[in-house]
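Chain and residue survey
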Amino acid sequence: MPRDRLVNIGFGNYVYSCRIVGIVNPASSPMKRLREDARAEGRLIDATQGRKTRSILVTDSNHVILSAIQPETIMQRFAQEEEN
């Protein structure tokens, strides 16, 4: 059974890598709707520390996490965690 690992999503915020379903760019209209729907339903977690949202993480529990880190950077960190 793989061990759960934490992935840094910026500014001292971490998410379990096994819970992440997708990491997407927030610029498209469907992603903006996803963000607003999650906010209305209380499933939104804002981890941007007041900065611009650069990526949206979707979890297996249907929570939506906003991050100020680029999706590519989070993927690199995700890959590094899997190697270790």
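Everything that follows concerns the structure shown earlier in this document.
Here's what I pulled together on the structure shown here. This one's a predicted model, so the numbers in the text were calculated from it and none came from an experiment.

Before going further, it helps to spend a moment on unusual backbone geometry. For Phe11, which is not glycine, the phi dihedral falls at a positive 55 degrees. Relative to the helices and strands, Phe11 resides in the loop between strand E1 (6-10) and strand E2 (13-16). Backbone geometry places Gln49, a non-glycine residue, at a positive phi of 55 degrees. Tracing the chain through its elements places Gln49 in the loop between strand E4 (44-46) and strand E5 (55-59).

Assignment of secondary structure puts Ile20 in strand E3 (residues 20-24). Look at Ile20 and you get buried, because its relative accessible area is 15%. Considering only alpha carbons, one finds Ile20 and Phe78, 58 residues apart in sequence, at a separation of 9.8 Å. Apart from the residues within four sequence positions on either side, Ile20 is in contact with Val15, Leu57 and Val58.

The next point concerns the environment of Leu57. Positionally, Leu57 belongs in strand E5. A sequence separation of 32 residues divides Leu57 from Asn25, and the C-alpha atoms of the two residues are 9.0 Å apart. When neighbours within four sequence positions are excluded, Leu57 is seen to be in contact with Ile9, Ile20, Gly22, Ile23, His63, Val64, Ile65, Ser67 and Ile74.

Bringing helix H2 (residues 71-83) into the picture now. End to end, H2 covers 19 Å across 13 residues, agreeing with the expected 18 Å (1.5 Å per residue, within 8%). Within H2, burial applies to Pro71, Ile74 and Phe78. Projected down its long axis, H2 shows its buried positions confined to an angular sector of 65 degrees, all on one face. Turned more than 90 degrees away from the buried face of H2 sit Glu72, Gln76 and Glu83, all of them exposed. Looking at the buried positions of H2, the neighbouring elements they touch are E1, E3, E5 and strand E6 (64-67).

A few words on the sheet that holds E4. Taking strand neighbours across the sheet as the criterion, the four strands line up as E3-E5-E6-E4 in an open arrangement whose pairing is mixed. Two strands bound the open sheet, and with one partner strand each, they are E3 and E4. Across the sheet, the mean angle separating the axes of adjacent strands is 20 degrees when strand polarity is ignored.

What follows deals with the pairing of E6. Covered by surrounding structure in E6 are Val64 and Leu66 together with Ile65 and Ser67, the residues of both alternating faces. Summarising the sheet, E4 and E6 pair through three bridges and their orientation is parallel. If you follow Leu44 over to E6, its bridge partner there is Val64. The pairing of E5 with E6 spans four bridges and is classified as antiparallel. If you follow Val58 over to E6, its bridge partner there is Val64. Between E5 and E6, which pair antiparallel in sequence order, lie four residues; one of them, Asn62, sits at a positive phi of approximately 70 degrees.

Criteria and thresholds
- Residues numbered from 1 in each chain as written.
- Predicted model: local features only at pLDDT ≥ 70, side-chain atom pairs only at ≥ 80, totals over all residues.
- Heavy atoms only, no water.
- Helix = DSSP H or I, 4+ residues; strand = E, 2+ residues; numbered from the N terminus.
- Buried < 20%, exposed > 50% of the residue type's maximum accessible area, 1.4 Å probe, protein only.
- Contact = heavy atoms within 4.5 Å.
- Expected span 1.5 Å × (residues − 1).
- Arc of directions from axis to C-beta.
- Pairing = 2+ DSSP bridges.
- Axes fitted to C-alpha atoms, helices over the stretch in contact; angles between N-to-C directions.

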